[in-house]
Every structure is written in structure tokens, then in C-alpha cells.
Amino acid sequence: ERGGREKKKKPLVAADRVTPFDRWLGLDKDLEAELNDGVDQDVTYVDPSDASNYVSLSLVKPMGIAFVENEGGCGGVFVDEVLDSGSAASASPVLARGDQLVAVGSTLVLGWEFDATLDAIKASDDSATKLVLFRGPTSFLYGPTKASEEWYQENLL
């Protein structure tokens, strides 16, 4: 405090408006820290157009998988937990927390709402239901590098 006034925190400027004066004052460091806050710098690119980044397995019901809807408005669901009771507990390959559900049988459920996705699983009349899951972050599965529907039809379904 000087002269009875509190020191105010300087507002951050937009990344595209950083000036040499902002850099001189160090404002660009605060902006960079804020922009990178919550971003995992250790994540390596997982190509959604590479079939080796997907797992496919057939499970009988009850499967014992707890699915959760993705955040951020992209839709879709991911594996939150594999329960001890259910066919997924002993499945191979082993399901992992964070696996993104892409298809149920021959139906692409990528980006579907939670209830619609579970309805697709429930509607499967086969003795074992085929699930296709992506092993990578939603930013690659739903982002600008996402695979086309045609690619899924030709390579995974």
C-alpha cells in the first residue's frame, strides 16, 4: 500500500495483442502461464486415423462398465470404471479409464449424447456386443485431426 491505495493487479492482454512494452513489463509471462494452465504438456499426439490406437472387444451383458459423458460439449462417452461384476472385468484387451467409446456393433456412436449411446448398447441383441474404443484424449478424437466417418466405416466397423 502506498498513500492509502491498494496495489491493483495489472490485467492480462490477449495473446494476439502482446506488444514489446507488455513483454518488457513481463505481462506476456503471466498470459503464457494462464494460457498453459491446465494443459498437460507431456501429452503426445495420438493419431485418430491410426487403427492401432483403437481397441475392439466383444462383451456379453452385463458388461460392468461405468461410462461418463465427456465434458466440453463434444459429446461422446468414456470408460470411467470397469466394475468387478461384469464381462469387462476379465476381457482382453483390458479396458482402461479414459478409453473413448467410438462404436457399438456397426453403429458409430462418436459424439452421441450419453443416453443415446447407452440405448445403442442396450439395443444390441447379439450374444456378445462389439465395442470399439479410442485410446487417446478427446482433443485428438474430436478436434481438427479427427478421422472421417468414412475412415471408421472402412477401417474399424
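Computed from a predicted model, the values in this text were never measured in an experiment.

### Describing the pairing of strand β4 (residues 100-104)
Along β4, five of the five residues are buried, which leaves the element largely enclosed by surrounding structure. As judged from the four bridges shared by β4 and strand β6 (residues 129-134), these two strands associate in the antiparallel manner. Opposite Val 104, over in β6, you have Leu 131 as the bridge partner. Pairing analysis gives two bridges linking β4 to strand β5 (residues 107-108), with the strands arranged antiparallel. Considered in β5, the bridge of Ala 103 is made with Leu 108. In this antiparallel pair of consecutive strands, β4 and β5, the connection spans two residues, and Gly 105 shows a positive phi of 65 degrees.

### Quick look at the environment of Ala 103
With respect to the helices and strands, Ala 103 occurs in strand β4. Its relative accessible area of 0% is what places Ala 103 among the buried residues. The spatial distance from the C-alpha of Ala 103 to the C-alpha of Leu 156 is 8.7 Å, given a sequence separation of 53 residues. The contact partners of Ala 103, leaving out residues within four places of it in the chain, are Leu 108, Val 109, Lys 130, Leu 131, Val 132 and Leu 157.

Conventions we followed
- Residues numbered from 1 in each chain as written.
- Predicted model: local features only at pLDDT ≥ 70, side-chain atom pairs only at ≥ 80, totals over all residues.
- Heavy atoms only, no water.
- Buried < 20%, exposed > 50% of the residue type's maximum accessible area, 1.4 Å probe, protein only.
- Helix = DSSP H or I, 4+ residues; strand = E, 2+ residues; numbered from the N terminus.
- Pairing = 2+ DSSP bridges.
- Contact = heavy atoms within 4.5 Å.

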